[in-house]
Amino acid sequence: MLNTALLSLAVLAAPAAQKAKPATNTKDPVCKMTVDAKSTTVAVRGRDYRVCSKHCGEALQKDPDKYLDKDGSVKAEKK
């Protein structure tokens, strides 16, 4: 009974998971297609990114360094 109470207390005291920063990109980081507010989003490194498809979302999550700069900006949106 004491163990259950301690476990419950530990769960309640644990910090809440941080919510990812909202997506602001207008191009899919992987295929460079135009995306908008209705597009699917995926979370990478604590930030949401809009993608055009499940495939592009999986590719972004698998190798984010290929598509994102160190500051989190989308390489496809750079000129």
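Shown above is the structure to which this text applies.
Residues numbered from 1 in each chain as written. Predicted model: local features only at pLDDT ≥ 70, side-chain atom pairs only at ≥ 80, totals over all residues. Heavy atoms only, no water.

A.B. asks: How do you make sense of the overall build of the protein chain when you look at a structure like this?
C.D. replies: Summing up its helical and strand segments, the protein chain has three helices and two strands in all. In the protein chain, the succession of helices and strands from N to C terminus is α-β-β-α-α. Among the 79 residues that make up the protein chain, the fraction classed as buried is 30%. Pairs at least 24 apart in sequence give 39% of the contacts found in the protein chain among residues at least 6 apart. About 6,100 Å² of surface is accessible on the protein chain, with carbon and sulfur atoms providing 57% of the total. (Helix = DSSP H or I, 4+ residues; strand = E, 2+ residues; numbered from the N terminus. Buried < 20%, exposed > 50% of the residue type's maximum accessible area, 1.4 Å probe, protein only. Contact = heavy atoms within 4.5 Å. Areas by Shrake-Rupley, 256 points an atom, 1.4 Å probe, with all protein chains shown as cover.)

A.B. asks: Is there a simple way to explain the nonpolar core in this structure?
C.D. replies: It is characteristic of soluble globular proteins that their nonpolar side chains tend to be buried jointly. Counting residues in hydrophobic clusters, the biggest one holds 12 residues: Val30, Val42, Val44, Tyr49, Val51, Cys56, Ala59, Leu60, Tyr67, Leu68, Val74 and Ala76. Aside from chain neighbours lying at most four places away, what touches Ala76 is Lys27, Asp28, Pro29 and Lys32. (Core = buried A, V, L, I, M, F, W, Y, C linked by side-chain atoms within 4.5 Å.)

A.B. asks: Would you mind showing me how to read the pairing of strand β1 (residues 40–44) here?
C.D. replies: Bridge count between β1 and strand β2 (residues 47–51): five bridges; the pairing is antiparallel. Looking across to β2, one finds that Val44 is bridged to Arg47. Between the antiparallel neighbours β1 and β2 lie two residues, among them Arg45 with a positive phi of about 55°. (Pairing = 2+ DSSP bridges.)

A.B. asks: Please explain helix α2 (residues 54–62) as it appears in this structure.
C.D. replies: In an α-helix, one turn spans 3.6 residues, which is why side chains three or four residues apart end up on the same side. Three or more residues of α2 are buried, namely Cys56, Gly57, Ala59 and Leu60. Projection of α2 onto a plane perpendicular to its axis shows the buried side chains occupying an angular sector of 165°, all on one side. Turned more than 90 degrees away from the buried face of α2, the exposed residues are Lys54, His55 and Lys62. Where α2 is buried, its residues meet β1, β2 and α3 (64–67). (Arc of directions from axis to C-beta.)

A.B. asks: What am I meant to see in the pattern of salt bridges here?
C.D. replies: Side chains bearing opposite charge may pair, as long as their charged atoms lie close to each other. In total, this model carries two salt bridges according to the counting rule given. Here Arg45 makes a salt bridge to Asp65, at a shortest N to O gap of 2.4 Å. Here Arg45, found in the loop between β1 and β2, pairs with Asp65, found in helix α3; they are 20 residues apart in sequence, far enough to count as distant. Between Lys78 and Asp69 there is a salt bridge, and its shortest N-O distance comes to 2.8 Å. (Salt bridge = Lys/Arg side-chain N within 4 Å of Asp/Glu carboxyl O.)

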